[in-house]
Amino acid sequence: MFEIEYEFREEDLIHFNEMQFMRNEEIQNNIRKNRWIVPGIMALIGSFYYFYYGDMKSSGYIVGIAMLWAFFSPKIMMLDLRRQILKNYTAKEKINMFGTYTLTIDPANPAYLLEKSPSGKHKMAWADLVRVEYGKRYVYIYINLSTALVIPVDTVKKGNLEQFAEQADKMIERAA
């Protein structure tokens, strides 16, 4: 029997959602547009001030603001994204989501991944799970293409995460 126990925290939820957004091509295009088009227009305005009025000081300020915009706008957008992620959940949902999770692969019940979480006990059929993915500090067991069990390596309290993830991957392949 393979079993792991870990703590799921707010920063883990934020990390997973940020990762999902960074993989989304449409969001990446919007960030790129915001990062380069607005400062480009501001630089054109600054050059207009310099060449038409000969005002070096005003054009310098405008170009300086454009460079600050290009550097800080993606960071500000990510901070806003983090705030929006947390606003999507009620206090009760957060209580049911964050806390100690126990995942079990039981040979006596080989058709299901057993989960014990703050919201209760759940069974997930291996056939319904998509894949296991490894990150630098996380292991993800995808329930569907956009939802996963996020297992932070740092907060594993009990069990061997590497062996568990390998076994989970094998069980998903068998069920597919």
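These numbers come from a predicted model, not from an experiment. (Residues numbered from 1 in each chain as written. Predicted model: local features only at pLDDT ≥ 70, side-chain atom pairs only at ≥ 80, totals over all residues. Heavy atoms only, no water.)

Undergrad: Help me understand the packing of aromatic side chains in this model?
TA: Considering all chains together, one arrives at 14 aromatic pairs under this definition. Measuring from centroid to centroid gives 6.0 Å for phenylalanine 48 and tyrosine 53, while their planes differ by 80°, and the two rings are edge-to-face. On the basis of relative accessibility, which here comes to 53%, the residue tyrosine 53 falls in the exposed class. Within the aromatic cluster, the residues linked to one another by ring pairs are Tyr6, Phe8, Phe98 and Tyr101. The ring of tyrosine 142 carries arginine 131 above its face, with NZ or CZ at 4.0 Å from the centroid. (Phe/Tyr/Trp six-rings, centres within 6.5 Å; stacked < 30°, edge-to-face > 60°. Buried < 20%, exposed > 50% of the residue type's maximum accessible area, 1.4 Å probe, protein only. Lys NZ or Arg CZ within 6 Å of the ring centre and 35° of its normal.)

Undergrad: I keep staring at the nonpolar core and nothing clicks. Help me out?
TA: In globular proteins that are soluble, nonpolar side chains generally tend to be buried together. The biggest cluster of nonpolar side chains holds 34 residues, and the ones touching the most others in it are Leu103, Leu113 and Ile141. Elements represented by at least two residues in this core include exactly strand E1 (2-8), helix H1 (10-23), helix H3 (56-87), strand E2 (99-105), strand E6 (138-142), strand E7 (148-152) and helix H5 (161-175). Take this core: its biggest share by element is 6 residues, from H5. Not counting chain neighbours up to four residues away, the residues in contact with isoleucine 141 comprise Leu103, Leu129, Arg131, Val132, Ala148, Leu149, Ile151, Phe164, Ala168 and Ile172. (Core = buried A, V, L, I, M, F, W, Y, C linked by side-chain atoms within 4.5 Å. Helix = DSSP H or I, 4+ residues; strand = E, 2+ residues; numbered from the N terminus. Contact = heavy atoms within 4.5 Å.)

Undergrad: Explain the packing of helix H2 (residues 25-53) against H3 here, please?
TA: Geometrically, a packed helix pair is captured by the angle between its two axes and the distance between the axes. Running from N to C, H2 and H3 cross one another at 175°; their axes reach a closest spacing of 8 Å. In terms of orientation, H2 lies roughly antiparallel with respect to H3. Of the residues contributing to the contact of H2 with H3, the split by class is 19 nonpolar, 5 polar and 1 charged. (Axes fitted to C-alpha atoms, helices over the stretch in contact; angles between N-to-C directions. Parallel < 35°, antiparallel > 145°, perpendicular 65-115°, else oblique. Nonpolar A, V, L, I, M, F, W, Y, C, P; charged D, E, K, R; others polar.)

Undergrad: Help me understand the side chain of asparagine 17 in this model?
TA: Relative to the helices and strands, asparagine 17 resides in helix H1. Owing to a relative accessible area of 18%, asparagine 17 belongs among the buried residues under this scheme. A distance of 2.9 Å separates a polar atom in the side chain of asparagine 17 from the backbone oxygen of leucine 13. (Polar contact = N/O pair within 3.5 Å; in protein donor to acceptor, adjacent residues only side chain to side chain.)

Undergrad: Where do I start with a nonpolar patch on the surface in this structure?
TA: Taken together, the side chains of Ile37, Ile41, Ile45, Phe48, Tyr49, Tyr52 and Tyr53 define a hydrophobic patch exposed on the protein surface, amounting to about 750 Å² of accessible area. Along the chain, isoleucine 41 turns up in helix H2. Its relative accessible area of 47% is what places isoleucine 41 among the partly exposed residues. (Patch = residues over 30% accessible without salt bridge, like charges linked within 9 Å, V, L, I, M, F, W, Y side chains within 5 Å. Areas by Shrake-Rupley, 256 points an atom, 1.4 Å probe, with all protein chains shown as cover. Salt bridge = Lys/Arg side-chain N within 4 Å of Asp/Glu carboxyl O.)

Undergrad: Just to check I follow, could you spell out the sheet that holds E1 for this structure?
TA: Each strand in a sheet pairs with another by means of backbone hydrogen bonds, the pair being arranged parallel or else antiparallel. The strand order across the open sheet formed by 5 strands is E4-E3-E2-E1-E8, and the pairing between neighbours is antiparallel. Single-partner strands in this sheet number two, and they are strand E4 (120-125) and strand E8 (156-158). Strand-to-strand twist across the sheet, computed as the mean angle between neighbouring axes with direction ignored, equals 25°. Sheet analysis places E1 next to E2, joined by 7 bridges and oriented antiparallel. (Pairing = 2+ DSSP bridges.)

Undergrad: What should I look at first to understand the pattern of salt bridges in this one?
TA: Pairing is possible between side chains of opposite charge, provided their charged atoms come close. Applying the stated criterion to the full structure yields 9 salt bridges. For glutamate 7, the salt bridge is made with lysine 157, and the minimal N-O distance between the two is 2.9 Å. Pair noted here: glutamate 7 is in strand E1 and lysine 157 is in strand E8, with a separation of 150 residues, a long-range link. According to the relative accessible area criterion, glutamate 7 is partly exposed, its value standing at 23%.

Undergrad: Sorry, what's going on with H2 here?
TA: For the α-helix, the turn length of 3.6 residues means that residues three or four positions removed from each other point alike. The end-to-end C-alpha separation of H2 is 41 Å, in line with the 42 Å expected for 29 residues at 1.5 Å each. When we look at burial in H2, the residues that qualify are Gln28, Ile31, Pro39, Met42 and Gly46. Buried-residue contacts for H2 involve H1 and H3. Between the side-chain oxygen of the N-cap and the backbone nitrogen of glutamate 26 there are 3.0 Å, and the N-cap of H2 in question is asparagine 24. Positive phi appears at glycine 54, one or two residues downstream of H2, with a value of about 70°. (Expected span 1.5 Å × (residues − 1).)

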